[in-house]
Amino acid sequence: MSSRALRRLKGEQRAQAALNALKLTDEDEEEQMKSDETAHKQKNISNIFELIGEADVDVSVSDEETAERLIDRKQEGAPLEKDAVKDEKSNKKKKKKKKKTLAEIGRDDLSVGDDIDAFLETLEKKKGMSYQSADHIATENRPVLYVEHRNLNPETELKRYFGARAVLGDQRSKQRQRQFHRCTWMTIFKDTWPRFSRPGISMSLVESKDGIQHFTFEHNRDYQQVQFKFFDAVESMDPNNFVVLLQLNPYHIDSLLQLSDVCRIQEDQETARDLIERALYSFECAFHPVFSLTSGTCRLDYRRPENRAFYLVLFKHMTFLEKRGCPRTALEYCKLILSLDPDNDPLCMLLIFDFLCLRCREYTTLIRLYEEWEVHRNLSQLPNFSFSVALSYYHLSQQEDISPVENQQLKQKSNVLLQNALIMFPGALMPLLDLCTVQPDAVVSSHAFFGPSSQIGQPPALSELVSLYVGRCHSLWKEAGLMLWLEENVRKVLKRVDLHDPYLEDCQNKRKQRYQSAPRNIHRHVLMSEIKEATATLPLEVTTQPGMGFDPLPPLDSIVSYIRPERYYLDALKFSALYDTGLMICVLKGSYIRRLYIIKMLCRIHSLNVLLIINKAFIYSRSKNGPFGYCGICDITQAQNLHITVSKARLQ
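Only a predicted model underlies this, so the values are computations on that prediction, with no experimental measurement involved.

A.B. asks: How should I be thinking about the overall build of the protein chain in this particular structure?
C.D. replies: When helices and strands are counted, the protein chain shows 32 helices and three strands. Counting all 652 residues of the protein chain, 44% fall into the buried class.

A.B. asks: Teacher, can you tell me more about the packing of aromatic side chains here?
C.D. replies: To describe a pair of aromatic rings, one takes the distance between the centres and the angle between the planes. Taken as a whole and assessed by the stated rule, the structure comprises 23 aromatic pairs. Relative to Y281, the ring of F189 lies with its centre 5.4 Å away and its plane at 55°, an arrangement referred to as tilted. A residue pair is termed long-range when its members are at least 10 positions apart, and F189 in the loop between α9 (164-168) and β1 (201-209) and Y281 in helix α13 (residues 269-284) qualify at 92 residues. Assigned by exposure class, F189 and Y281 land together as buried. By the ring-pair criterion, three or more aromatic residues cluster together here, those being F215, F217, F283, F287, F291 and F310.

A.B. asks: Teacher, can you tell me more about the side chain of D254 here?
C.D. replies: Examined against the element boundaries, D254 turns out to sit in helix α12 (residues 253-265). Lacking a salt bridge, the buried D254 has R308 as its closest oppositely charged neighbour, with an N-O distance of 9.1 Å. Here the side chain of D254 touches Q227 through a polar contact of 2.4 Å, side chain to side chain. Apart from residues lying up to four places away in sequence, D254 is in contact with Y223, Q227, F230, A309 and F550.

A.B. asks: Could you clarify how one ought to interpret the pairing of strand β2 (residues 212-219) in this entry?
C.D. replies: For a regular strand, the rule is simple: side chains alternate between the two faces of the sheet. Inspection of the sheet shows β1 paired to β2 by eight bridges, in the antiparallel sense. Among the inter-strand pairings, M203 is bridged to a residue of β2, identified as F217. Turn length for the β1-β2 hairpin, with the two strands adjacent in sequence and antiparallel, is two residues, and the turn residue D210 shows positive phi of about 55°.

A.B. asks: Before we go on, may I ask you to explain the environment of F355 in this structure?
C.D. replies: Mapped onto the fold, F355 is located in helix α16 (residues 350-359). Spatially, the C-alpha atoms of F355 and S388 are 7.6 Å apart, while their sequence positions differ by 33 residues.

A.B. asks: Could you clarify how one ought to interpret the pattern of salt bridges in this entry?
C.D. replies: When charged atoms on two side chains of opposite charge get close, those side chains can pair. Inspection of the entire model under this criterion finds 23 salt bridges. Of the charged contacts, one joins E277 and K190 as a salt bridge, the two residues approaching to 2.8 Å between their closest N and O atoms. With E277 in helix α13 and K190 in the loop between α9 and β1, the pair connects residues that are 87 residues apart, well separated along the chain. By relative accessible area, K190 is classed as partly exposed at 26%.

A.B. asks: What am I meant to see in the environment of V444 here?
C.D. replies: Its place among the elements puts V444 in helix α21 (residues 442-446). Classification of V444 as buried rests on a relative accessible area of 8%. Considered as a pair, V444 and L429 are 15 residues apart in the sequence and their alpha carbons are 9.8 Å apart. Once you skip the residues sitting within four places of it in the chain, V444 turns out to touch L429, F450, V490 and L494.

A.B. asks: What is the right way to look at helix α19 (residues 404-424) in this model?
C.D. replies: Because an α-helix packs 3.6 residues into every turn, residues spaced three or four apart end up facing the same way. Here α19 is 21 residues long and its end C-alpha atoms lie 30 Å apart, about the 30 Å a rise of 1.5 Å per residue gives. For α19, the complete set of buried residues consists of L410, S414, N415, L417, L418, Q419, A421, L422, I423 and M424. On its buried face, α19 sits against α18 (383-397), α20 (429-435), α24 (480-498) and α25 (502-514).

A.B. asks: Can you walk me through α18 in this structure?
C.D. replies: Over its 15 residues, α18 extends 22 Å from the first C-alpha to the last, a length consistent with the 21 Å expected when each residue adds 1.5 Å. Where burial is concerned, most of α18 is hidden: 15 out of the 15 residues are buried.

A.B. asks: Looking at this model, I keep getting lost on the packing of α19 against α24. Mind explaining?
C.D. replies: When two helices pack together, their arrangement is given by the angle between the helix axes and by the axis-to-axis distance. At a minimum axis distance of 9 Å, the contact between α19 and α24 shows a crossing angle of 60°. Considering the angle they form, α19 stands oblique to α24. The chirality of how α19 crosses α24 is right-handed. From α19, K411, S414, N415, L418, Q419, N420, L422 and I423 reach across to α24, where they touch W485, L486, N489, V490, K492, V493 and R496.

A.B. asks: Looking at this model, I keep getting lost on the sheet that holds β1. Mind explaining?
C.D. replies: The pairing of strands in a sheet happens through backbone hydrogen bonds and is either parallel or antiparallel. On the basis of which strands lie adjacent, the open sheet formed by three strands has the order β1-β2-β3 and mixed pairing. Only two strands of the sheet have a single neighbouring strand rather than two, namely β1 and β3 (298-300). The average undirected angle you get between the axes of adjacent strands in this sheet is 35°. Of the strands in this sheet, β2 and β3 touch helix α14 (residues 305-324), which is tilted by about 100° from β2.

A.B. asks: Please clarify how the confidence of the model for the protein chain should be interpreted in this entry.
C.D. replies: One rule of thumb: low pLDDT means the predicted coordinates there are not for detailed reading. Mean pLDDT over the protein chain: 75, with 63% of residues reaching 70 or higher. Least confident of the elements in the protein chain is helix α29 (residues 572-578), whose mean pLDDT is 41; most confident is α16, at 96. Note on residues 39-68: pLDDT is under 50 here. Beyond four places in sequence and across chains, it has 29 contacts. Under a pLDDT of 50 for its full length, residues 97-114 has, in the predicted model, six contacts with residues more than four places off or in other chains.

A.B. asks: Just checking my understanding: could you explain the side chain of E464 for this structure?
C.D. replies: Counting through the fold element by element, E464 comes out in helix α23 (residues 460-473). Within the buried core, E464 has no salt-bridge partner, and the shortest N-O distance to an opposite charge, that of R472, equals 11 Å. In this structure the side chain of E464 is engaged in a polar contact, spanning 3.0 Å, whose partner is the side chain of H523. Setting aside residues up to four positions removed in sequence, E464 forms contacts with A518, I522, H523, V526, A534, T537, L538 and P539.

A.B. asks: Just checking my understanding: could you explain the nonpolar core for this structure?
C.D. replies: One broad trend across soluble globular proteins is that nonpolar side chains are buried collectively. By size, the foremost hydrophobic cluster in this structure holds 130 residues, and its most contacted members are M186, F310 and W477. With 10 residues, α14 is the single largest residue contributor to this core. Leave out the neighbours within four places in its chain, and W477 touches F387, L391, L418, L432, C436, Y469, L482, M483, W485 and L486. Within the second largest apolar cluster, five residues are counted, among which are F189, W193, Y251 and C285.

A.B. asks: Looking at this model, I keep getting lost on unusual backbone geometry. Mind explaining?
C.D. replies: For residues that are not glycine, phi is negative in most cases, and the peptide bond is trans in most cases. Unusually for a residue other than glycine, E267 sits at a positive phi of about 65°. Assignment of secondary structure puts E267 in the loop between α12 and α13. The backbone phi angle of C348 is positive, close to 50°, even though this residue is not glycine. Residue position: C348 is located in the loop between α15 (327-340) and α16. C348 gets classed as buried once you look at its relative accessible area, which sits at 8%.

A.B. asks: Looking at this structure, how should I read the packing of α19 against α25?
C.D. replies: Interaxial distance between α19 and α25 falls to 9 Å at its minimum, and their mutual angle equals 50°. The angle between α19 and α25 falls in the class oblique. Across from N420, I423 and M424 in α19, the residues of α25 making contact are Y503, L504, C507, K510 and R511. Taken together, the residues that form the contact of α19 with α25 break down as five nonpolar, one polar and two charged.

What counts and what doesn't
Residues numbered from 1 in each chain as written. Predicted model: local features only at pLDDT ≥ 70, side-chain atom pairs only at ≥ 80, totals over all residues. Heavy atoms only, no water. Helix = DSSP H or I, 4+ residues; strand = E, 2+ residues; numbered from the N terminus. Buried < 20%, exposed > 50% of the residue type's maximum accessible area, 1.4 Å probe, protein only. Phe/Tyr/Trp six-rings, centres within 6.5 Å; stacked < 30°, edge-to-face > 60°. Lys, Arg positive; Asp, Glu negative; His and termini not counted. Salt bridge = Lys/Arg side-chain N within 4 Å of Asp/Glu carboxyl O. Polar contact = N/O pair within 3.5 Å; in protein donor to acceptor, adjacent residues only side chain to side chain. Contact = heavy atoms within 4.5 Å. Pairing = 2+ DSSP bridges. Expected span 1.5 Å × (residues − 1). Axes fitted to C-alpha atoms, helices over the stretch in contact; angles between N-to-C directions. Parallel < 35°, antiparallel > 145°, perpendicular 65-115°, else oblique. Left-handed = near helix turned anticlockwise from the far one by under 90°. pLDDT = per-residue confidence, 0-100. Core = buried A, V, L, I, M, F, W, Y, C linked by side-chain atoms within 4.5 Å. Nonpolar A, V, L, I, M, F, W, Y, C, P; charged D, E, K, R; others polar.

Written out as structure tokens, the structure is:
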């Protein structure tokens with residue numbers, strides 16, 4: 001029972017005792033008060049635990065105040081009879097006034113009727129400001145890359161579309177039976193996952209300067225050994241080795257990334273997404289206490305291999321969310337990745353930021369980023385921002401809750417921006433119409449400005465950017481209204497071309513000077529996006545370079561914290577030539593235990609039988625006439641010990 005309920009019970013008893021001792025003259029009021037007191041007392045005595053529930057409801061303090069005043073005045077010897085009656089009457093009047101006020105408010109609200117808009121207007125008049133205006137003001141005061149915790153959970157967006165009952169299903173009934181795990185923002189631990197134990201990843205604070213905190217992930221010694229085994233599995237070119245490694249280390253990040261790519265290639269999207277979520281959960285459990293996802297002041301250096309995996313996991317998770325139909329959640333992860341290193345942008349998230357904003361209809365967010373970053377980042381030189389910002393203004397002009405004057409201004413702004421984009425990037429029009437299955441006008445297709453020469457004469461870097469934008473965003477233009485708007489502005493551009501607008505020459509000079517070669521982060525983004533139109537435009541130095549899914553196109557100035565140990569065995573060619581005869585053991589260098597480990601590892605890579613290899617080596621080591629004589633493990637005793645050890649272990 002709560003203390004408030006106990007005080008109420010004691011107050012009622014004291015008031016009843018004081019009133020009985022004074023023998024009130026007004027018999028009618030005394031009978032009424034006694035009946036009320038008896039009713040409350042009987043209710044409390046019949047089920048005293050009901051007071052626990054009543055403690056949360058608004059309890060009238062009038063009885064307590066009356067009892068305390070009566071007891072105090074009794075001690076002072078003051079007349080209590082008239083005061084008690086006056087207090088009772090005044091409290092009853094107050095109750096009646098409160099009830100009357102609430103009834104009037106209810107009648108006012110009911111008088112609004114079923115019109116929800118009118119009801120919301122009355123609430124705005126009473127409260128002074130609507131929730132929408134408050135949210136709008138709060139959004140304007142936040143940084144453009146502000147990340148909200150609730151938007152990192154895809155269930156929040158799915159509930160908005162389909163409702164909580166459809167999303168959660170029967171999860172609510174199983175909440176009492178579930179095991180409690182660490183509360184995380186980005187992912188939720190699943191019962192189908194292996195039991196979580198810290199895999200050996202931690203985060204440390206490197207430095208804090210000018211309000212910016214620089215963090216880095218670290219691998220302990222055990223995790224480094226697992227990482228070396230992972231490199232061996234990668235060299236084996238056998239996906240089954242990743243499965244074996246994950247059975248022993250279920251939360252190894254790079255193995256989860258690599259196996260997720262294998263499952264995605266095999267069109268097992270559900271398993272691929274589940275593996276990425278498991279890696280994300282492992283990372284979040286290793287966060288530093290000061291590290292914040294929403295502050296926008298935490299940085300991770302992409303040059304460190306330990307940090308790259310976190311970038312890649314976030315990017316792949318964002319991609320799965322967008323394909324799953326959660327563009328708003330994917331946009332939040334895009335903001336998060338961009339906030340980790342906004343100056344360098346190692347994964348070039350600006351090339352996908354506009355697409356996600358248009359998908360989730362966050363037009364004001366895209367326009368705000370463009371206006372704030374155009375001065376120092378020159379975003380207008382990216383084809384995706386040039387076309388997408390114009391598209392955002394057009395969508396804002398089509399909204400019904402704006403005035404005709406504002407509508408005209410937005411429409412005019414969108415026309416100017418789209419014409420500038422078409423003049424700056426003329427090679428984007430024909431591929432865009434082709435992917436939208438729209439047959440261009442004969443005047444447009446035959447014109448030299450938008451003809452084949454506009455695509456052939458583009459610099460390589462510009463072709464890569466244009467192909468990336470067209471391949472990713474062409475679905476956003478498949479609307480009848482947009483095509484009419486595009487056609488209208490294309491005709492205006494052709495008129496400006498025929499009139500020799502000076503802006504055309506300026507754009508032509510910029511295309512020749514600024515797009516000779518693309519930076520490494522753009523190539524990395526194209527590789528990870530896997531858009532075939534853009535992948536075909538990659539230069540040879542990128543396509544001929546061997547790439548790994550767990551670390552695509554690593555930086556040239558990487559900061560390596562630990563080095564893979566030197567190999568103590570023959571290279572692949574020598575081993576392939578010698579393993580059949582077992583002579584490779586004779587040329588191995590190092591201690592006996594190291595040789596045994598290398599033999600096991602090599603035989604696993606090449607799917608060999610270790611016993612067969614050791615037997616052959618044992619035979620050759622006994623012969624003095626062998627090609628290598630007694631070099632390497634020429635001692636017969638060592639060969640016998642090696643044979644016995646492997647035989648007992650029964651290694652395959």
